[in-house]
Amino acid sequence: PWPGKIVNPPKDLKKPRGKKCFFVKFFGTEDHAWIKVEQLKPYHLHKEEMIKINKGKRFQQAVDAVEEFLRKTKGKDQASSHNSNEEKNRRNSSEERGKQSAGEEKRKASLSEGKLKKGTGEGKKRVSSVSSERGSKSPLKRAQDQSPRKRGRPPKDEKDLTIPESSTVKRVMTGTVAGFKWPPSVSEPVFFSLYQTEKPAVCYQAITKKLKVCEEETGSTSIQAADSTAVNGSITPTDKKIGFLGLGLMGSGIVSNLLKMGHTVTVWNRTAEKCDLFIQEGARLGRTPAEVVSTCDITFACVSDPKAAKDLVLGPSGVLQGIRPGKCYVDMSTVDADTVTELAQVIVSRGGRFLEAPVSGNQQLSNDGMLVILAAGDRGLYEDCSSCFQAMGKTSFFLGEVGNAAKMMLIVNMVQGSFMATIAEGLTLAQVTGQSQQTLLDILNQGQLASIFLDQKCQNILQGNFKPDFYLKYIQKDLRLAIALGDSVNHPTPMAAAANEVYKRAKALDQSDNDMSAVYRAYIH
């Protein structure tokens, strides 16, 4: 859930067909999205509940932004009410003077008429005509008719254009959403969107530019696809049968989101018990990788390392045994380019289609459907996977030929792993020099390095909570592979090499199955 408010969409952005939804701006971000009515909860009624569920600093900042917005809105309402009362008093005073003036004129006209009764009939008609004309409109009425705009209404340039309102929005404010009434004291509805997650994914640029294509120097094409949930109101799942192999930290979240968005999914895992939860959610069970591939149109796999990826395809009852012409295989594991190229060759040799699609993220982002997907290989298969990628991630990139995604993924994780080691080094240095680690974090969060990653990993260290969100052993594996990639092209990677040694020490301290932030312990032992 994330707090937001209804605003008018840009004129060139059409409302999704057949969906009763509203255009929402989320507090604490510059993100916008179309949100369905049933996914909205009134802010005041659910504030305490949502704060208990969401402990993140960004969420609290968003709530603070809501409170500030409500204070300003209340101030404007009070000022408007005060101005309205003053205007009403002035209007009443003006009307009273108008009545007195009209009464005086009527009295004079009556006296004049009495005198004129003694005059000619022509004079009587002329005075009667004048009196009738004056009586038809009071001075106040005439002044109002001559006014270029109605009194009390500000000109267009005085309006707050940052929160435009349409008649539709105003009706929603005074009506109900999902069975709840908006608090009468709030003129602009503030609510929690049940769709939006801790990191709102869909910004205005992503909505207005549904597809951004940029040519890189390498000649490969990078495509950033907008989240169709925001553009279309919901994801239309492919009618193809989907298979998924590997239900680890990342795979579990991916499968859960595929099922939530209406895909037909068959699952397999080396430890069969992990499949039970997904069977209860509607998935089908495959007995072997070969069976899953043979019964599905597109099969995804997400396993730990190059050896596991090869065994899954080439081993007994493996993927290769289920491949037939037209069958599709998508490997989402983070491996080296040589491994993924070998797998592509054997799949294609059997008439299959191949796509590599490693993902950048962690367990939380996987659960939230907010992964970044790096794909390469069969372009047509990439497009066939569109609804699946939209269900599991916020952005996908197509990087050209097989091997490019593996290289890019290793570089991304090399940067991330080195950064994590540097964070741990900084926190321990602060500690041994008598500085507050919390103050260091507060300073970093106010500077250019501020990020969700930095805040979460520092909080893990300060709280001593190393529950895995991204296994330490896997980031060390990625560093090792990235260093090997550099060696293959004779490119130095001294920073990654230094970080790799720290992670190796952490592994020696039995931290392999903890979160990557447990690299901190390599510095304090």
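Remember, predicted model here, so these are calculated numbers, not experimental data.

Novice: Can you help me understand the overall build of the chain in this one?
Specialist: Broken down by element type, the chain carries 22 helices and 18 strands. Taking all 525 residues of the chain together, the buried fraction comes to 43%. Of the contacts made within the chain by residues no fewer than 6 positions apart, 66% connect residues no fewer than 24 positions apart. Carbon and sulfur atoms make up 51% of the accessible area of the chain, which amounts to about 28,200 Å² in all.

Novice: Teacher, can you tell me more about the packing of helix H17 (residues 404-432) against helix H21 (residues 494-508) here?
Specialist: Packed helices, taken two at a time, are described by the angle between their axes plus the distance between the axes. Following both chains from N to C, one finds H17 and H21 inclined at 60°, their axes separated by 9 Å at the closest point. Taken together, the axes of H17 and H21 are oblique relative to one another. Along this stretch, H17 crosses H21, giving a crossing that reads as left-handed. Along its contact with H17, which presents Met414, Gly417, Ser418, Met420 and Ala421, the element H21 presents Met495, Ala496, Ala499 and Tyr503. Tallied by class, residues from the contact of H17 with H21 come to seven nonpolar, two polar and no charged.

Novice: Which parts of the structure should I look at to understand the side chain of His263?
Specialist: Position of His263 relative to the elements: it lies in the loop between helix H8 (249-260) and strand S11 (265-268). Of the residues examined, His263 reaches a relative accessible area of 4% and is grouped as buried. At 3.0 Å, the side chain of His263 and the backbone oxygen of Leu258 are in polar contact. Of note is the side chain of His263, whose polar atom sits 2.9 Å from the side chain of Ser387. Each residue touching His263, except ones within four places of it in the same chain, is listed here: Pro237, Thr238, Leu258, Ser387, Cys388 and Ala391.

Novice: What is the right way to look at the pairing of strand S15 (residues 353-356) in this model?
Specialist: A regular strand places its side chains so that they alternate between the two faces of the sheet. By the bridge criterion, four bridges tie strand S14 (residues 328-331) to S15 in an arrangement that is parallel. Within S15, the position partnered with Asp331 by the bridge is Glu356. Two strands pair when backbone bridges link them, and S15 and strand S17 (residues 371-377) are joined in this way by two bridges, in the antiparallel orientation. Across the sheet, the residue bridging to Glu356 is Ala376, located in S17.

Novice: Is there a simple way to explain the pattern of salt bridges in this structure?
Specialist: When the charged atoms of two side chains with opposite charge come close together, those side chains can pair. The tally for this structure, following the rule as stated, stands at twelve salt bridges. A salt bridge links Arg379 to Glu383, with the nearest nitrogen and oxygen atoms 3.6 Å apart. Of this pair, Arg379 and Glu383 both sit in helix H15 (residues 379-384), separated by four residues, roughly a single helical turn. By relative accessible area, which is 32% here, Arg379 ends up partly exposed. Where salt bridges share partners, they join Arg353, Asp378 and Asp384 into one cluster.

Novice: For this particular structure, what's the right way to read the packing of aromatic side chains?
Specialist: Under the counting rule described, the total for this entry stands at eight aromatic pairs. Each ring, one from Tyr382 and one from Phe389, has its centre 5.9 Å from the other, and the planes form 45°; the classification is tilted. You can call Tyr382 buried: its relative accessible area is 7%. Here the aromatic rings of Tyr382 and Phe398 are separated by 5.2 Å at their centres, their planes lie at 50°, and the arrangement is tilted. You can see Tyr382 sitting in helix H15 and its partner Phe398 sitting in strand S18 (residues 393-398), a full 16 residues away along the chain. Put simply, the rings of Phe244, Phe300, Tyr382, Phe389 and Phe398 pair up and form one aromatic cluster.

Novice: Got a minute to help me understand helix H19 (residues 452-463) in this structure?
Specialist: An ideal rise of 1.5 Å per residue puts 16 Å on twelve residues; H19 measures up with 16 Å between its terminal C-alpha atoms. By the burial criterion, the buried members of H19 are Phe453, Leu454, Asp455, Lys457, Cys458, Asn460 and Ile461. Where H19 terminates, the next one or two residues include Gly464, which has phi positive at roughly 65°.

Novice: Help me understand the packing of helix H20 (residues 472-488) against H21 in this model?
Specialist: Running from N to C, H20 and H21 point in directions that differ by 145°, and their axes come no closer than 9 Å. Here the hand of the crossing between H20 and H21 comes out left-handed. Residues Leu472, Ile475, Gln476, Leu479, Arg480 and Ile483 of H20 touch H21, and the partners they reach there are Ala496, Ala497, Ala499, Asn500, Tyr503, Lys504, Ala506 and Lys507. Tallied by class, residues from the contact of H20 with H21 come to nine nonpolar, two polar and three charged.

Novice: For this particular structure, what's the right way to read the environment of Asn362?
Specialist: Among the structural elements, Asn362 can be located in the loop between strand S16 (359-360) and helix H14 (363-368). Each C-alpha atom, one on Asn362 and one on Leu249, is 7.8 Å from the other, the two residues being 113 residues apart in sequence. If near-sequence neighbours (up to four positions away) are discounted, Asn362 is found in contact with Met250, Leu371, Gln456 and Asp469. Within the structure, the side chain of Asn362 is placed 2.9 Å from the backbone nitrogen of Leu365, a separation counted as a polar contact.

Parameters at a glance
Residues numbered from 1 in each chain as written. Predicted model: local features only at pLDDT ≥ 70, side-chain atom pairs only at ≥ 80, totals over all residues. Heavy atoms only, no water. Helix = DSSP H or I, 4+ residues; strand = E, 2+ residues; numbered from the N terminus. Buried < 20%, exposed > 50% of the residue type's maximum accessible area, 1.4 Å probe, protein only. Contact = heavy atoms within 4.5 Å. Areas by Shrake-Rupley, 256 points an atom, 1.4 Å probe, with all protein chains shown as cover. Axes fitted to C-alpha atoms, helices over the stretch in contact; angles between N-to-C directions. Parallel < 35°, antiparallel > 145°, perpendicular 65-115°, else oblique. Left-handed = near helix turned anticlockwise from the far one by under 90°. Nonpolar A, V, L, I, M, F, W, Y, C, P; charged D, E, K, R; others polar. Polar contact = N/O pair within 3.5 Å; in protein donor to acceptor, adjacent residues only side chain to side chain. Pairing = 2+ DSSP bridges. Salt bridge = Lys/Arg side-chain N within 4 Å of Asp/Glu carboxyl O. Phe/Tyr/Trp six-rings, centres within 6.5 Å; stacked < 30°, edge-to-face > 60°. Expected span 1.5 Å × (residues − 1).

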